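Inside the fold
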Amino acid sequence: MSGKPRAGFYNFSGCSGCLLTILNCEDNILDIFGAAQVTSFLMANRGNIDDRWHGADRKAGKEANLDVAFIDGSVTTREQEAFLKEIRERSGLVVALGICSCYGGVQAMETGRGSFARRYQKVYGATPPAIVEAFESKPLDAFVKVDHYLPGCPIDGKQFLHAYARIVRGLPPELPKTPVCTECKWRENECLLLKNELCLGPVTAAGCNARCPSNNTGCVGCFGPADERNLGSEVSLLKTRKFNLETIERKLRIFGGARFSESFKKLLRK
Amino acid sequence: MPVIEVKHTARIEGHAGIWVEVERNRVKNVKVTVPEGPRLFETLVIDKTPEEAANIVPRICAICSVSHKLAAIHGLERALDIQVPPATRALRTLMHYGEMVESNSLHVYLLALPDFLGYPNAVAMTDKYADHVLRGLRLKKFGNRIMEITSARYTHGENPTVGGFHRWPDRKELLEIKAEAQRLLPDGEEAVELMRSLHYPTSMEDGMVFMCLKPPTETYGFMGESVLISTGEERPIDEYLEMTNEKVVDHSTAKRCLYNGRPFVVGPLARMNLLGERLHGKASEAFKRCYSLTWVRNPLYASQARAIEILFCLEAIPALVDKLLATPAAKTKEPARKSGAAVGAVEAPRGTLYHYYEVTRGKVSGANLIIPTTQNFSAMERHVRVAADTLLKADTKDDIKLVFEMILRAYDPCVSCSAHLVEIG
């Protein structure tokens, strides 16, 4: 990258919370926009080079090429799939922001159960809107190569700033591999599992500074699976605390969606 | 047939286009198109515990996540007959004020103001208007800080729950909120004066029907169990279906709403028109200085209404904190029953938000969520039509697409919110 890198910010299916988290870095927002040449950020800017679903303005040519694309949200329509592939083609790096783009998000919690068509009809009736062709929520890497993943629902502002500063300099982000428990211990919280509360801290990626346990409530798993997790041990532990498998799987699926359900199936086969 | 099209409206949450079909210089057809991917939230909460449902639904929308949490809690508590003490209600109100300050200042300074000052975004305005931008960011940060203290995070905090809060903020945190509200009061006044000083286009003006929740006491506010309608009616929130009348349309994954066959408006302009007389102090003075009958015809004045609401919250927070400091932390209340059904409602920054839940033996068995932006779409289409007719007739050199976009932005739409609603039998 020579000079300021060219960056685009996009949102697909989600709550826009990860892009909002960037706008919520009030003390650093001028630096964020100053560190890169931001060519697209529809939520904050008018007159973007690629305001359209169906890709960059052809006339824009090289202008539309990006060093890095930051993407919030999952893919739930054919139109988004085409736009994502088009962004990938003209971007040096693709960074997934938040669990929707990393893992499919809460809207993917039913993945693998074959219920999408029935649920879609339940919401929109027999004649759904013709404007989109919809399908079960999928993460970005179901369609394109993703270079970096920043998890969270939403992402953590401090973690984003740290990662952003590295990415715009062409360096990979440094993200914790450990689970929430590490941060929870640093905050000297009393372990909620000892109080028989269902906490997903042991299997969930760190990065939030153990917010939920620090507020006397179990981790809901909103950063998705930690690299260094031991799901088998967590499940055995929760079973000794009188939680049944159905409850444990339901909790894991809410934010971990397909990721956790696959590990869970393997675990049950063992 | 010629078409005037805005492919993607900028500086709003989510994706919405504007499509105006013109025949012989007359508007034939207007569509606000929504190609958002569906997420089917009403189906995701089925078979979840009430607490889990209240964790899931704020993910409908980050910008009003606290309002979604509060509407869910309100509906679920009514369904399960949970009566929370005044201290819990006061802490919820403080959290809600945090969201109002954050969302309204985000809109006023970062989303709306660039149009009036002729910029593509707020960061670019720092060349000439750094004071405005920094003031907006200060206010926004304060709103976020209130939510962080009360809800555990800026967005999607899990501290508030059905029955109360997992953690009560300590004295130091509450005093920090009070001191900051007092310190920022002049910024709130400046916000109102800035919005009052701007020039507002008039081409879209047309009479509006307004709705908002009626606060139980004679004050301004964002909660209530009945709805005031500018036609002179007052209806309980339990009649939410008759007040919204959702239907599916082909050009949008968000539905459309009408009241008595007519578009209606929810949000800050509705609240100011229906409740503005209830304001006190500086907010009341600001309201009297700003308000005119144009406010019943011109949706762009919503930006002034938002600024007055920021001032209202900054003024109300110190007394609310004092009240919280004078009462002990409230314990979380358990449900009185395992099954039930009810609707809950709050005023989200962008208007009345309804959450209906059915709970059967401790699990959610049905849900219907009706979002303010969905209620406002018909009015947006109506105002775009009027503006297009006026501007085409006048053969104006005005940037017609910019006017269309300003109309949509005035409603501060949360499009991802709006695309996910339904009845489940």
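Residues numbered from 1 in each chain as written. Chains lettered and ligands numbered in written order. Predicted model: local features only at pLDDT ≥ 70, side-chain atom pairs only at ≥ 80, totals over all residues. Heavy atoms only, no water.

To continue, consider the overall build of chain A. Helix and strand counts for chain A come out as 10 helices and seven strands. Relative to a compact globule of 270 residues, whose C-alpha radius of gyration would be 18 Å, chain A shows 20 Å and is just as compact. Dimensions of chain A, computed from C-alpha atoms along their principal axes, come out at roughly 65 × 50 × 30 Å. Residue pairs in contact within chain A that sit at least 24 positions apart in sequence constitute 73% of those at least 6 positions apart. Entry remark: accessible area of chain A is about 11200 Å², with carbon and sulfur atoms responsible for 50%. Positive and negative charge centroids in chain A, built from 37 and 30 side chains respectively, lie 5 Å apart. (Helix = DSSP H or I, 4+ residues; strand = E, 2+ residues; numbered from the N terminus. Rg over C-alpha atoms; globule rule 2.2 N^0.38 Å. Contact = heavy atoms within 4.5 Å. Areas by Shrake-Rupley, 256 points an atom, 1.4 Å probe, with all protein chains shown as cover. Lys, Arg positive; Asp, Glu negative; His and termini not counted. Charge placed at Lys NZ, Arg CZ, Asp CG, Glu CD.)

Before going further, it helps to examine the overall build of chain B. Helix and strand counts for chain B stand at 13 helices and 11 strands. Taken over C-alpha atoms, the radius of gyration comes to 21 Å for chain B, in line with the 22 Å a tight globule of 425 residues would show. Dimensions along the principal axes, computed over C-alpha positions, put chain B at roughly 65 × 50 × 40 Å. Nonlocal contacts in chain B, meaning residues at least 24 apart in sequence, comprise 71% of its contacts between residues at least 6 apart.

Residue and element names in this part refer to chain A. Counted by the stated rule, this structure contains 26 aromatic pairs over all chains. Considering the side-chain rings of Phe70 and Phe160, the 6.2 Å spacing of their centres and the 70° angle between planes classify their relative orientation as edge-to-face. With Phe70 in strand β3 (residues 66-72) and Phe160 in helix α6 (residues 157-167), the pair connects residues that are 90 residues apart, well separated along the chain. For the pair Phe70 and Phe160, a shared accessibility class is recorded, and that class is buried. (Phe/Tyr/Trp six-rings, centres within 6.5 Å; stacked < 30°, edge-to-face > 60°. Buried < 20%, exposed > 50% of the residue type's maximum accessible area, 1.4 Å probe, protein only.)

Right, let's talk about the sheet that holds strand β10 (residues 351-360) of chain B for a bit. Residues and elements named next belong to chain B. An order of β9-β10-β11 is seen for the three strands of this open sheet, with the pairing classed as antiparallel. The two strands at the open ends of the sheet, each matched to only one other strand, are β9 (340-348) and β11 (363-370). Geometrically, the sheet is characterised by an average inter-axis angle of 20° between neighbouring strands, direction not taken into account. Two strands pair when backbone bridges link them, and β10 and β11 are joined in this way by seven bridges, in the antiparallel orientation. Counted as the bridge partner of Tyr356 is Asn368 from β11. (Pairing = 2+ DSSP bridges. Axes fitted to C-alpha atoms, helices over the stretch in contact; angles between N-to-C directions.)

On to helix α6 (residues 171-196) of chain B. All names here are of chain B. The first and last C-alpha atoms of α6 sit 37 Å apart over 26 residues, in line with the 38 Å expected at 1.5 Å per residue. A maximum bend of about 45° is found in α6 at Leu184, where proline Pro186 lies one to four positions downstream. If you check which residues of α6 are buried, you get Glu173, Leu174, Ile177, Ala181, Leu184, Leu185, Asp187, Gly188, Ala191, Val192, Leu194 and Met195. Those residues of α6 that are buried are in contact with α4 (86-117), α5 (126-151), α9 (281-290) and α10 (302-325). (Expected span 1.5 Å × (residues − 1). Bend = angle between axes of the 7 residues up to and from the residue.)

Let us look at unusual backbone geometry. In this structure, A:Pro154 follows A:Cys153 across a cis peptide bond, with omega equal to 0°. Relative to the helices and strands, A:Pro154 resides in the loop between β7 (148-150) and α6. Phi at B:His156 is positive, roughly 60°, even though this residue is not glycine. Mapped onto the secondary structure, B:His156 falls in the loop between α5 and β4 (160-161).

What follows concerns the packing of helix α9 (residues 231-240) of chain A against helix α10 (residues 245-269) of chain A. Residues and elements named next belong to chain A. With their axes 12 Å apart at the nearest point, α9 and α10 run at an angle of 150° to one another. The angle between α9 and α10 places the two elements in the roughly antiparallel class. Here α9 runs over α10; the crossing is left-handed. Seen from α9, the contacting residues are Leu231, Gly232, Val235, Leu238 and Lys239; seen from α10, they are Leu245, Ile248, Leu252, Phe260, Ser263, Phe264 and Leu267. In terms of residue class, the contact of α9 with α10 is built from nine nonpolar, two polar and one charged. (Parallel < 35°, antiparallel > 145°, perpendicular 65-115°, else oblique. Left-handed = near helix turned anticlockwise from the far one by under 90°. Nonpolar A, V, L, I, M, F, W, Y, C, P; charged D, E, K, R; others polar.)

Moving on, we come to the environment of B:Pro50. Residues and elements named next belong to chain B. As for its position among the elements, Pro50 is in helix α2 (residues 50-56). Judged by its relative accessible area of 12%, Pro50 is buried. For the pair Pro50 and Thr360, spaced 310 residues apart in sequence, the C-alpha separation works out to 10 Å. Apart from the residues within four sequence positions on either side, Pro50 is in contact with Leu76, Leu80, Val162, Val359, Gly362 and Val364.

This brings us to the nonpolar core. Counting 209 residues, the largest nonpolar core has A:Phe70, A:Leu97, A:Phe160, B:Val20, B:Leu94 and B:Ile308 as its most contacted members. Of all the elements, α4(B) adds the most residues to this core, at 15 residues. The two domains that each donate at least three residues to this core are domain 1 (6-167) and domain 2 (180-268) of chain A. Contact partners of A:Phe70, with chain neighbours within four places excluded, come to A:Ala7, A:Gly8, A:Phe9, A:Tyr10, A:Val95, A:Leu97, A:Phe160, A:Tyr164 and A:Ile167. Membership of the second largest hydrophobic core comes to 17 residues, among which are B:Leu213, B:Tyr240, B:Phe264 and B:Ile370. (Core = buried A, V, L, I, M, F, W, Y, C linked by side-chain atoms within 4.5 Å. Domains from an automatic or database assignment.)

It is worth spelling out α10(B) at this point. Residue and element names in this part refer to chain B. Over its 24 residues, α10 extends 34 Å from the first C-alpha to the last, a length consistent with the 34 Å expected when each residue adds 1.5 Å. The sharpest bend along α10 comes to roughly 35°, located at Ile317, with the proline Pro318 sitting one to four residues further on. In terms of burial, α10 is a largely internal element, 19 of the 24 residues being buried.

With that settled, the discussion passes to the interface of chain A and chain B. The partner chain B presents 74 residues to the 59 residues of chain A that form the contact. Summing the contributions of chain A and of chain B, the shared interface buries around 5600 Å²; its carbon and sulfur component is 62%. Of all residues in chain A, A:Glu26, A:Arg46 and A:Tyr124 bury the most surface against chain B, accounting for 13% of the area lost on that side. Between A:Glu26 and B:Lys140 there is a salt bridge whose closest N-O contact spans 3.2 Å. At the boundary of chain A and chain B, one finds 25 residue pairs in polar contact (both at pLDDT 80 or more). For the side of chain A that touches chain B, the element with the most residues is helix α5 (residues 116-124) of chain A, which contributes six residues. (Buried area = accessible area lost by both parts, 1.4 Å probe. Salt bridge = Lys/Arg side-chain N within 4 Å of Asp/Glu carboxyl O. Polar contact = N/O pair within 3.5 Å; in protein donor to acceptor, adjacent residues only side chain to side chain.)

What follows is about the packing of α5(B) against α10(B). Residue and element names in this part refer to chain B. Between α5 and α10, the shortest axis-to-axis distance is 12 Å and the interhelical angle comes to 50°. With respect to α10, the axis of α5 lies oblique. In this structure, the crossing between α5 and α10 has a hand that is left-handed. Residues Leu139, Phe142 and Ile146 of α5 form the contact with α10, whose participating residues are Ile310, Leu314 and Ile317. Considered class by class, the residues forming the contact of α5 with α10 number six nonpolar, no polar and no charged.

Our next topic: the domain arrangement of chain A. All names here are of chain A. In terms of domains, chain A is made up of domain 1 (6-167) and domain 2 (180-268). A buried area of about 1300 Å², summed over both sides, lies between domain 1 and domain 2, and 53% of it is on carbon and sulfur atoms. Sorting the residues of domain 1 by area buried against domain 2 places Tyr103, Met109 and Asp156 first, and these three jointly supply 40% of that buried surface. The interface formed by domain 1 and domain 2 holds two salt bridges in total. Two residues, Asp156 and Arg211, come together in a salt bridge whose shortest N-O distance is 3.6 Å. Counting the contacts that link domain 1 with domain 2 gives three residue pairs in polar contact (both at pLDDT 80 or more). Taken together, the residues of the side of domain 1 that touches domain 2 sort by class into 10 nonpolar, four polar and four charged.

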